[in-house]
Structures are given as C-alpha cells and as structure tokens.
Amino acid sequence: QPMAVSLARELGKNVQILVRGGKTEIDRKVAEAIAEPLTQILRNAIDHGIEPPDARERCGKPAKGRIAITATRSQTNPGWVEVSVTDTGRGIEKEHLDRVFERLYQTRESDTAVEGGLGLGLHLCRQVVRLHGGRIGVESAPGRGSKFTFTVPLFSRAVGPHVLVVDDEPGI
C-alpha cells in the first residue's frame with residue numbers, strides 16, 4: 001500500500017486503496033510469485049486507470065478514485081486463491097480487452113504515465129501467472145473502471161526450475 005499511495009501522490013491522483021479478503025494461507029513460493037503481478041496491476045490501475053481529480057469531476061465522478069484489492073479462496077476451486085484489483089477509473093474500451101495481455105500492446109498512444117509504458121507489464125503478469133498454473137483476465141466498462149483477476153494454486157506445483165526470458169529480440 002505505501003507504494004500505491006506514493007505513486008498516486010507523484011501522479012497527482014487522489015486514490016483510496018481498500019484491501020479485502022479473508023485469511024488464506026498460501027505457499028511462500030506462490031506468495032512471492034504473485035507479488036509482482038499484483039504490484040504491476042495495481043501500478044497500472046493508478047497510472048493508467050484512475051483519472052486526475054479534475055478529470056474525474058468533469059465526468060461526474062467523485063474526485064477521489066477507488067481501488068479495491070481482494071484476495072480470497074476461489075469459490076469454484078478451493079485449492080486456489082483468487083486475487084482481484086478493481087478500480088473506478090476510465091476503463092478499457094472493448095476492442096482492447098482481448099489484447100491487453102499481449103506483448104508490447106498499448107491501449108493508448110499517449111497517457112499520463114510517469115514513464116510511458118512499453119506494453120510489457122501486463123504481458124509479464126500473464127506469463128508469471130501461467131508459470132504457476134494460473135489464469136488471468138480482465139473485465140471493464142469504459143468510463144466506469146476495470147477489474148483484473150488472477151487465480152493461482154494455493155500451493156506451488158512447480159516440479160523444477162522455471163525461467164522467464166524477456167528480450168527485445170522477437171526471435172527468442
């Protein structure tokens with residue numbers, strides 16, 4: 001949460017961060033693995049999703065945006081944990097929803113990002129979640145916000161080491 005508050009302040013955004021969920025024990029390796037996707041999704045919600053206070057008010061929204069982070073045991077599969085980040089930001093247009101996890105894909109040519117995104121953050125989130133046998137998805141309503149959800153096993157199923165290679169060479 002301190003990172004989120006600091007980033008919001010740096011970007012001139014007014015955001016309330018809510019953390020919800022029951023106490024769910026998960027494998028330490030899984031907890032470490034989901035920290036990065038959770039951080040990236042939270043960063044995107046603040047940076048790209050939540051509008052500056054004046055822009056929110058012009059759209060008839062409260063000046064303060066809201067981001068809710070929820071982590072609970074999956075209702076459909078009790079051996080899994082479901083983590084979601086829901087924001088009251090600008091949302092994602094329907095034509096972009098199927099592509100937001102693609103490598104180098106960006107939904108906007110220009111944004112309020114501190115460091116213009118490269119289109120790798122959500123792609124890497126998907127890769128990490130998949131490496132742990134999980135799933136990730138997004139729902140969104142333009143003008144109302146987005147909800148990113150990923151589900152991973154409570155306990156690591158890794159049999160051997162996994163390596164995620166990131167390179168700017170398309171042939172790799």
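As a convention, each chain's residues are numbered from 1 in the sequence order in which they are written. Since the coordinates come from a predicted model, pLDDT governs what is reported: local features require at least 70, and pairs of side-chain atoms require 80 or more to be given and counted, while whole-chain, interface and lining totals use all residues. Excluding hydrogens and water, the side-chain figures rest on all heavy atoms present in the structure.

Asker: Hey, could you run me through the sheet that holds strand S1 (residues 15-20) in this one?
Answerer: Paired through their backbone hydrogen bonds, the strands of a sheet run either parallel or antiparallel. Taken together, five strands build an open sheet; the order of strands is S1-S2-S3-S5-S4 and the sheet is mixed. Edge positions in the sheet fall to S1 and strand S4 (135-141), since each of these pairs with one other strand and no more. The mean inter-strand angle of the sheet, taken between neighbouring strand axes irrespective of direction, is 10°. Any two residues whose heavy atoms approach within 4.5 Å are treated as being in contact. Angles here are taken between N-to-C directions and fall from 0 to 180 degrees, while the axes themselves are lines fitted to C-alpha atoms, restricted in helices to the stretch in contact. Only DSSP runs of H or I covering at least 4 residues are called helices, and only runs of E covering at least 2 are called strands; the numbering of each starts at the N terminus. Together, S1, strand S2 (65-73), strand S3 (80-87), S4 and strand S5 (145-153) form the strand contacts of helix H2 (residues 28-49), whose direction differs from that of S5 by roughly 175°. Note on pairing: two strands pair once DSSP finds at least 2 bridges between them.

Asker: Sorry, what's going on with the pattern of salt bridges here?
Answerer: Should their charged atoms come close, side chains of opposite charge can pair. Here a salt bridge means any side-chain nitrogen of Lys or Arg lying within 4 Å of a carboxyl oxygen belonging to Asp or Glu. All told, the structure shown has five salt bridges when counted by the stated rule. In this structure, a network of salt bridges that share partners links the residues Glu 51, Arg 56 and Lys 61.

Asker: Explanation requested: the packing of H2 against helix H5 (residues 121-131) in the structure shown.
Answerer: A pair of packed helices is characterised by two quantities: the angle between their axes and the separation of those axes. Remark: H2 packs on H5, axes separated minimally by 9 Å, with the N-to-C direction vectors making an angle of 155°. Between H2 and H5, the angle falls in the class roughly antiparallel. Viewed along their axes, H2 and H5 form a crossing whose handedness is left-handed. Seen from H2, the contacting residues are Ala 33, Pro 37, Gln 40, Ile 41 and Asn 44; seen from H5, they are Gly 121, Leu 122, Cys 125, Val 128 and Val 129. Residues are grouped as follows: nonpolar covers Ala, Val, Leu, Ile, Met, Phe, Trp, Tyr, Cys and Pro; charged covers Asp, Glu, Lys and Arg; every other residue, Gly included, is treated as polar. Of the residues belonging to the contact of H2 with H5, the class tally is seven nonpolar, three polar and no charged. Any angle that falls under 35 degrees is termed roughly parallel, while one over 145 is termed roughly antiparallel, one within 65 to 115 roughly perpendicular, and all others oblique. With the far helix as reference, a near helix turned anticlockwise by less than a right angle produces a left-handed crossing, and one turned clockwise produces a right-handed crossing.

Asker: How do you make sense of the side chain of Lys 61 when you look at a structure like this?
Answerer: Positionally, Lys 61 belongs in the loop between helix H3 (53-58) and S2. Type-normalised accessible area, obtained with a 1.4 Å probe on protein chains alone, sets the label of each residue: buried when under 20%, exposed when over 50%, and partly exposed for intermediate values. Taking the relative accessible area as the measure of exposure, Lys 61 reaches 13% and is therefore buried. Beyond its immediate chain neighbours, meaning those up to four positions away, Lys 61 contacts Glu 51, Arg 56, Thr 88, Gly 89, Arg 90, Gly 143 and Arg 144.

Asker: How should the environment of Thr 24 be read in this particular structure?
Answerer: Inspection of the secondary structure puts Thr 24 in the loop between S1 and H2. You can call Thr 24 partly exposed: its relative accessible area is 24%. Sequence separation between Thr 24 and Ala 71 is 47 residues, and the spatial gap between their C-alpha atoms is 8.1 Å. Setting aside chain neighbours within four positions, we find Thr 24 in contact with Thr 72, Arg 73 and Leu 154.

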